[in-house]
Structures are given as structure tokens and as C-alpha cells.
Protein chains: 2
Amino acid sequence: MRKYVIAIDLGGTNIKIAVVKDGRKIVNKIILPTDLYKNKGALINGLSQLSLEIIKYSKIKKRDILGIGIGTPGLIDSRRGIIHRLVNIKGFKDVPLKRLMEKKTGIQTFLDNDVNIMTLGELHYGAGRGAKNMVCITLGTGVGGGIVIDGRLYRGSCLSAGEIGHMPLNEHGPRCNCGGFGCMEKFVGNKYIIGAAVTKIKKGKKSIIKKMVGGDLRKITPEIISRAAGNRDRLAVSIWEDVGSHLGVTLAGVINLLNPEKIVIGGGVSGAGRLLFETIRKTVKERAMKMPAKYAKIVKAKLGPDAGLIGAAVLVRLGKNDAN
Amino acid sequence: MRKYVIAIDLGGTNIKIAVVKDGRKIVNKIILPTDLYKNKGALINGLSQLSLEIIKYSKIKKRDILGIGIGTPGLIDSRRGIIHRLVNIKGFKDVPLKRLMEKKTGIQTFLDNDVNIMTLGELHYGAGRGAKNMVCITLGTGVGGGIVIDGRLYRGSCLSAGEIGHMPLNEHGPRCNCGGFGCMEKFVGNKYIIGAAVTKIKKGKKSIIKKMVGGDLRKITPEIISRAAGNRDRLAVSIWEDVGSHLGVTLAGVINLLNPEKIVIGGGVSGAGRLLFETIRKTVKERAMKMPAKYAKIVKAKLGPDAGLIGAAVLVRLGKNDAN
């Protein structure tokens, strides 16, 4: 039985390549900065070479590899295995990465965007285990979403489903990069969170955040605001309550529409923890319809920084099953 | 082959009972006022008696009937065939209508709410034919929704999915009956539409609507506002543009989230026609993400007043298939 998978998490900052065994066990892992590769050709060569090398290093035979799974934040055609766009890498436009990787490694390859990959990981090995209908959210600079319907990842009619960050929260709200107005992301994305802290501190609100960054407000990050909230800093607490409330309103709508049994929230900001989750749950309870609200468990993602690798391994196994 | 279905559209105002042949052909139909039946027992007796009588009248043998399909606006457990609540009928609470109908008629019975039934009808014989992923919306006093995923009706984890009317459009909007705030229904439901016309006319805005209702503003209906808009009445036009814009904003969010290939809009208000649909499409184009927006066709429901009967017939055939 082929029990190994090569999982690749192709991020904007780092690339992780791992051998994953028995579903979710990471045997060996390479981490390197993405900008080590200056162009498209170098990146594809690097990915295929390192895949073959980590197989050798792990003393596995190539025929024991089920496949290569790749997750990236780009715009992806998961069906044909094409990356339409990938930020940070020069010339990376409409690249048939699946075909190229298969040619260079001789191993069947599968691609999907990082949020779908994380959703698969959480569904099979994380906080979403056993869920039939689930929504997975990643918080960060952007707010992404993955949808599970009837135990399977739902990709939509042109593979773009899940953009929960771009559901309108206020029809007359501020313009969003996506072209819409008042999108949820504008109220819970990192930029908003940091901006809220900076503005309030500049206005003279007292907060330990200022001391934590040595007076340099440009150094404020969501993690720092989280730590400040952990120390009961009132400004930081109010920011997380605000974010939780916005998230809760959008989730109330999603719960009314999709009636999922689980909502899994991950990504950097989800580290704000208890306070954030309590506010989200309270807002959903206040605003969503009673029956579906009672049914929807809102939980924190479990897999942490390796979610992308574990999910990529799931993608390969599911892809092989579909093909058979 | 059993090719006939008894379809029942159990509405708040009227009950329709029909023999449906070959999928969608209505052979015979009975229409009667719902309040003919003063209580639960009388209604159930009436439904089963009339079902048996329309079979006789149509000169069909009972063994040629595939099943009875019932659609109603109540709160329904479609899996167990229970109506939890039905407005207008005294004592209609947690009624196992499926079991009772089967006992009284000897014919297998299936239930679902009217919006899901309409969605099934449009999917199989109406504007949604051939769609894999689709959202169906009914406009009226309330705003309902049905979701099709991968060619099948999606009911959600506790069978309450599809409440598109209760997705928030403005987080600080007015309180809704459902408990939420700023729900889409509050901006496009009949009450809102009529209220907008009344308020504006009272404020002195000129409109032919006033003449159309003989000066009695209580007589204003969405249909009258539609007709006025058809005559280029500026007040009426502005109301439909407003409704279309609110609907478009919510649909932009639904398109970003679900990436459906079709959105079917039906119900009384959809009669406002071209003006309403043009505004919806324009707003979606302006606000939804480009790729999924391009992919999502927004169309008017096709089946009209018999949608409930045709959909109920589909429900029976699907139910029989699932059981086999």
C-alpha cells in the first residue's frame, strides 16, 4: 500500500515541503523562504527537486508515494491543476503546475488554494472531524473560507466558492479591494485591527500596547493586540469584541443560509482566543435564527501551522479516490 | 410504470390538489380555501379524502400512483414528515402528516416546505433546468430561499438551510421578526415595499399609485406598484430600483460565498420584471467578485402559480428514488 504523500505548502513568505505518512504524520519537513526563487522556472525546478530529495532523504521508494499535494494562496483551477496567479513570484501567471510537476517528478500531483486545503485538513484530522456540513474560516490579512457540504469540499461552479470575507456586512460600507462595499474583511482583516489600535492610541486612549511596541505604533501586530487583551488591556479587549461582533453578524447570516453543524475558525487572529470566540458565539446567539444557531458549533481550528501540509496530504488521497 | 403523483400545495390562503402525470403535466386540479377546514382533524380528513377522490375522478387506479407530495409554508421536518407549525390552522403543531396521510390513503407521502418544493420544480422543469449549483429565491411577505448543490436540494444539518431573507444586509439595521437585525427581508419584503410607497405619497411625492387605489393608501399592493412602474411612474420606479439594489447586494454576497451558476427569482414581487432584474444584475456586477459574478445567471422563475404542484411531484419521484 502506498502510504506516503509529498505535501507542499507554497506560501507567500515560506515554502514547506514534507513527507506525510498514514494520513497526518509528518515524517520529514523542509522550510525555506519563498523569495529564494527569483522566477517561475526556478521555483518549479526547486519544488520538483526538493520533492525528489526529501523522498530520498526519507529512505522511501518513489513507488511508495501516493502523490504530491500543493496548497497555495493564489487563484487556482484545482480541476486542471493550474495556478492563475501567485503573488510574489515573477511571471507566475496561468502556470499548469500540476502537469509540470508530474513531468519533472513522475508523481501524480494535485493543487488547491490554501483555504480549501486547510478546510480538508480540519475536516479529516482537526476541529471538523465527522462534520457533514461545515464552514471553515481563516483570519489574517484577508479572510478566506472553505465550505463542506455532505462531507465533501464544495468548490462552486467555477471553483471560486467560499469567499466569506467578501460577504457584505453593511451595504453602504467602505470599498473593498474585491470591488464590493462593506465586505466583512474590511471589518475583521489585520489591516482593520491594526488600524483601529493605532487610531485609538493616537487619539489618546490609554493602552499597554504603546509600551509593548516601544512607542513605535508601526510595530503593532494582531498578535501584540492579542497579548495586550490577555493582560486585560481595555483598548485591546474592545478591539477583539468589535472584531468578534462583526464576525458574529456575518456568521449569523451564513448559519441562516447554510445551516452547518460546525464553524471552524483559524488563522493568526483566531489566536485572540476565548474573548474573540465568546463574542462571536454571543453575537450569533443574539442574531441568528434559533434552530440553526443552536445546531452550529463554533470552534477554533486545531491543526495549527501544519494545517497546510496535512490538508495537502488529504487532497492527494481524495484525488486518488475520485480518480479510481 | 407508476406515472401519476398526487401533488398538494397547502398554502395559507388556498389548498391545491392535483394529479400530475409524466413529471409535470397537471391532469386535474382542485382549488379550495384553506379556512374551509376549521381544525387539524378536519384538514387532514379533507386532504386524504380529496386525494382519493381526485384519483377516482381521474379514472386512475390507486396502484398507478407513485405517491403524494405536499408542500407548505410551515416549519417542516422533511425527513420524518412532520409539520412543526402551520399558521392559520388551529392546533396544527408537530403533526406527523406523512404518517397520517399514509394511514388514511394507503399511499406513500412526502413533505417539504414550499420554498424547497418550488426550488425542486424550477430545477427539474423551470428556469433552473440542468443547473448543478443554484439558489432559488421567493419574494413576498417573507423572502425564502432554496439551495441546490451538485444537482440536489441542500437542506442543511437540521433541515433549515436556505433562509436567504435573513442574511444581514446592514449590521445596524432594523430588528427583524427572526430576532436578527438588518435582515435582507426587512428591505425587500412586501411590507417594506408597500410602506415605502405609502410614506413617500404621504410626504407629497407625486405618483399615479394614489389614483390607482382611489386615494385609499391601504389598498396599495406590490402588484399595483409594479403596474405603476410599468407606466413609468417615477415613485414606483424608484421603489423597484431600491428593492433591486438591496437584493443585488445580498446576492453579491451569496455569489461570492456559493459561486452558483444560476439564481432563480420567483414570487409575487418578481412580477416587477425587467426593471427589478436589471437593477439586481447591475448591482451584482458592481459588487460581486468578477469571476463568480460572470458565471451566475440571474433569471426569473418560470413555473408560475403551479410551481408548488410541479415541485411536489418532483419531491415524490426523488423520494422514491432515494428509498430504492
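Owing to the predicted nature of the structure, the values given are computational and were not obtained by experimental measurement.

**As for the overall build of chain A**
Here comes step 1: Each helix and strand in chain A was counted, giving eleven helices and 13 strands.
Here comes step 2: At 20 Å, chain A has a C-alpha radius of gyration in line with the 20 Å of a compact globule built from 324 residues.
Here comes step 3: Oriented by its inertia axes, the alpha-carbon framework of chain A measures out at about 60 × 50 × 35 Å.
Here comes step 4: Long-range pairs, those at least 24 residues apart, make up 62% of the contacts in chain A between residues at least 6 apart in sequence.

**Things to note about the side chain of Glu261 of chain B**
Here comes step 1: Residue placement: Glu261 of chain B occurs in the loop between helix H8 (234-258) and strand E12 (262-267).
Here comes step 2: Looking at Glu261 of chain B, its side chain comes within polar contact range of the side chain of Ser157 of chain A, at 2.6 Å.
Here comes step 3: Look past the residues within four positions of Glu261 of chain B in its chain and what remains in contact with it is Ser157 of chain A together with Gly130, Ala131, Lys132, Asn133, Tyr295, Ala296 and Lys297 of chain B.

**Details of the interface of chain B and chain A**
Here comes step 1: Tallying the contact residues gives 41 residues for chain B and 42 residues for chain A.
Here comes step 2: Surface buried jointly by chain B and chain A totals about 3,800 Å² across both partners, of which 58% is contributed by carbon and sulfur atoms.
Here comes step 3: Here chain B is connected to chain A by zero salt bridges.
Here comes step 4: Seen at the junction of chain B and chain A, the total is 28 residue pairs in polar contact (both at pLDDT 80 or more).
Here comes step 5: Elements represented by at least two residues in the side of chain B that touches chain A include exactly strand E10 (144-149), H8, helix H9 (274-287) and helix H10 (290-295) of chain B.
Here comes step 6: Among the elements that make up the side of chain B that touches chain A, the one with the highest residue count is H8 of chain B (seven residues).
Here comes step 7: Grouping the amino acids of the side of chain B that touches chain A by side-chain chemistry returns 21 nonpolar, 14 polar and six charged.

**A look at the nonpolar core**
Here comes step 1: Within the largest apolar cluster, 101 residues are counted, with the highest numbers of intra-cluster contacts made by Ile164 and Leu258 of chain A together with Ile164 and Leu258 of chain B.
Here comes step 2: Ranked by the residues each element gives to this core, the list is headed by helix H8 (residues 234-258) of chain A, at 14 residues.
Here comes step 3: The contacts of Ile164 of chain B, once residues within four sequence positions are left out, are Leu257 of chain A together with Val135, Ile137, Val143, Gly144, Gly145, Met184, Thr250, Leu251 and Val254 of chain B.

**Examining the sheet that holds strand E4 (residues 65-72) of chain B**
Residue and element names in this part refer to chain B.
Here comes step 1: One open sheet accounts for five strands, arranged E3-E2-E1-E4-E8; its pairing is mixed. Across the chains shown, the open sheet's two edge strands, defined by having one partner strand only, are strand E3 (25-33) and strand E8 (109-113). On average, adjacent strands in this sheet sit at an angle of 15 degrees to one another, irrespective of strand direction.
Here comes step 2: Its contacts with the sheet place helix H2 (residues 97-105) against strand E1 (4-10), E4 and E8, and it is angled at close to 150 degrees to E8.
Here comes step 3: Where helix H3 (residues 114-125) meets the sheet, its contacts fall on E4 and E8, and the angle it forms with E8 comes to roughly 105 degrees.

**A closer look at a positive patch on the surface**
Residues and elements named next belong to chain B.
Here comes step 1: A cluster of basic side chains, namely Lys200, Lys203, Lys205 and Arg234, defines a positive patch on the protein surface.
Here comes step 2: Structurally, the position occupied by Arg234 is in helix H8.
Here comes step 3: The exposure class assigned to Arg234 is exposed, which follows from its relative accessible area of 74%.

**A look at helix H5 (residues 190-202) of chain B**
All names here are of chain B.
Here comes step 1: Compared with an ideal rise of 1.5 Å per residue, which puts 13 residues at 18 Å, H5 spans 18 Å between its outermost C-alpha atoms and is within 8% of the ideal.
Here comes step 2: The set of residues buried in H5 consists of Asn190, Ile193, Ala196, Ala197, Val198 and Ile201.
Here comes step 3: Buried positions along H5 lie against helix H4 (185-188), helix H6 (208-212), helix H7 (222-230) and H8.

**Comments concerning the relation of the copies chain B and chain A**
Here comes step 1: When chain B is fitted to chain A, the residual RMSD is 0.0 Å, and the transformation amounts to a turn of 180 degrees plus an axial shift of 0.0 Å. Here the transformation between the copies is reduced to the relation of a two-fold axis. Closest approach to the rotation axis within chain B is made by the C-alpha atom of Asn170 of chain B, at a distance of 2.1 Å.
Here comes step 2: By residue overlap, the copies meet face to face through one surface: 100% of the interface positions of chain B are interface positions in chain A.

**Overview of the domain arrangement of chain A**
Residue and element names in this part refer to chain A.
Here comes step 1: As assigned here, chain A comprises domain 1 (4-119 + 306-323) and domain 2 (129-301).
Here comes step 2: If you average the C-alpha positions of domain 1 and of domain 2, the two centres end up 28 Å apart.
Here comes step 3: A buried area of about 980 Å², summed over both sides, lies between domain 1 and domain 2, and 58% of it is on carbon and sulfur atoms.
Here comes step 4: Contact with domain 2 buries area across many residues of domain 1, yet Asn116, Met118 and Thr119 alone supply 51% of it, more than any other trio.

**Observations regarding the pairing of strand E2 (residues 14-21) of chain A**
Residues and elements named next belong to chain A.
Here comes step 1: When you tally the buried positions in E2, you get six out of eight residues, the bulk of the element.
Here comes step 2: Here strand E1 (residues 4-10) folds back onto E2, and the loop between the two strands holds three residues.
Here comes step 3: Here E2 pairs with strand E3 (residues 25-33) via eight bridges, running antiparallel. Bridge assignment links Ile15 to a residue of E3, and that residue is Leu32.
Here comes step 4: Linkage of E2 to E3, two consecutive antiparallel strands, is achieved through a turn of three residues, within which Asp22 is found at a positive phi near 50 degrees.

**Focus: the environment of Lys282 of chain B**
Here comes step 1: Considering the arrangement of structural elements, one finds Lys282 of chain B in helix H9.
Here comes step 2: Between the C-alpha atoms of Lys282 of chain B and Cys176 of chain B, which are 106 residues apart in sequence, the distance is 27 Å.

**A look at unusual backbone geometry**
Residues and elements named next belong to chain B.
Here comes step 1: Positive phi outside glycine occurs at Lys59, with the angle close to 55 degrees.
Here comes step 2: Here Lys59 is to be found in the loop between helix H1 (40-57) and E4.
Here comes step 3: Look at Lys59 and you get exposed, because its relative accessible area is 77%.
Here comes step 4: Positive phi, normally seen in glycine, also occurs at Asp94, with a value near 50 degrees.

**Details of the sheet that holds strand E5 (residues 75-77) of chain A**
Residue and element names in this part refer to chain A.
Here comes step 1: Strand order in this open sheet of three strands is E5-E6-E7, and the pairing throughout is antiparallel. Edge positions in the sheet fall to E5 and strand E7 (93-95), since each of these pairs with one other strand and no more. Averaged over all pairs of adjacent strands, the angle between their axes in this sheet comes to 15 degrees, without regard to strand direction.
Here comes step 2: As defined by bridge partners, strand E6 (residues 82-85) adjoins E7 across two bridges and the pair is classed as antiparallel. Each residue of the ladder has a partner; that of Arg85, found in E7, is Lys93.

**A look at the packing of aromatic side chains**
Here comes step 1: Scanning the model with the defined rule gives two aromatic pairs over all chains in all.
Here comes step 2: Stacked on the ring of Phe110 of chain A, the Lys or Arg Lys98 of chain A has its end atom at 4.9 Å from the ring centre.

**Focus on the state of the cysteines**
All names here are of chain A.
Here comes step 1: Tallied over the entire structure, the rule returns zero disulfides over all chains.
Here comes step 2: With no disulfide of its own, Cys183 lies 3.6 Å from the sulfur of Cys178, the closest cysteine sulfur.
Here comes step 3: Residue Cys183 is classed as buried on the basis of its relative accessible area, which comes to 2%.

**A short note on the pairing of E4 of chain B**
Residues and elements named next belong to chain B.
Here comes step 1: Within E4, eight of the eight residues are buried, which leaves it mostly tucked inside the rest of the structure.
Here comes step 2: Across six bridges, E1 lies against E4 in parallel orientation. Note on E4: the bridge partner recorded for Ile6 is Ile68.
Here comes step 3: In the sheet, E4 pairs with E8 via five bridges, with the strands oriented parallel.

Procedures and definitions
- Residues numbered from 1 in each chain as written.
- Chains lettered and ligands numbered in written order.
- Predicted model: local features only at pLDDT ≥ 70, side-chain atom pairs only at ≥ 80, totals over all residues.
- Heavy atoms only, no water.
- Helix = DSSP H or I, 4+ residues; strand = E, 2+ residues; numbered from the N terminus.
- Rg over C-alpha atoms; globule rule 2.2 N^0.38 Å.
- Contact = heavy atoms within 4.5 Å.
- Polar contact = N/O pair within 3.5 Å; in protein donor to acceptor, adjacent residues only side chain to side chain.
- Buried area = accessible area lost by both parts, 1.4 Å probe.
- Salt bridge = Lys/Arg side-chain N within 4 Å of Asp/Glu carboxyl O.
- Nonpolar A, V, L, I, M, F, W, Y, C, P; charged D, E, K, R; others polar.
- Core = buried A, V, L, I, M, F, W, Y, C linked by side-chain atoms within 4.5 Å.
- Buried < 20%, exposed > 50% of the residue type's maximum accessible area, 1.4 Å probe, protein only.
- Pairing = 2+ DSSP bridges.
- Axes fitted to C-alpha atoms, helices over the stretch in contact; angles between N-to-C directions.
- Patch = residues over 30% accessible without salt bridge, like charges linked within 9 Å, V, L, I, M, F, W, Y side chains within 5 Å.
- Areas by Shrake-Rupley, 256 points an atom, 1.4 Å probe, with all protein chains shown as cover.
- Lys, Arg positive; Asp, Glu negative; His and termini not counted.
- Charge placed at Lys NZ, Arg CZ, Asp CG, Glu CD.
- Expected span 1.5 Å × (residues − 1).
- Least-squares fit on C-alpha atoms with pLDDT ≥ 70 in both.
- Domains from an automatic or database assignment.
- Phe/Tyr/Trp six-rings, centres within 6.5 Å; stacked < 30°, edge-to-face > 60°.
- Lys NZ or Arg CZ within 6 Å of the ring centre and 35° of its normal.
- Disulfide = S-S within 2.5 Å.

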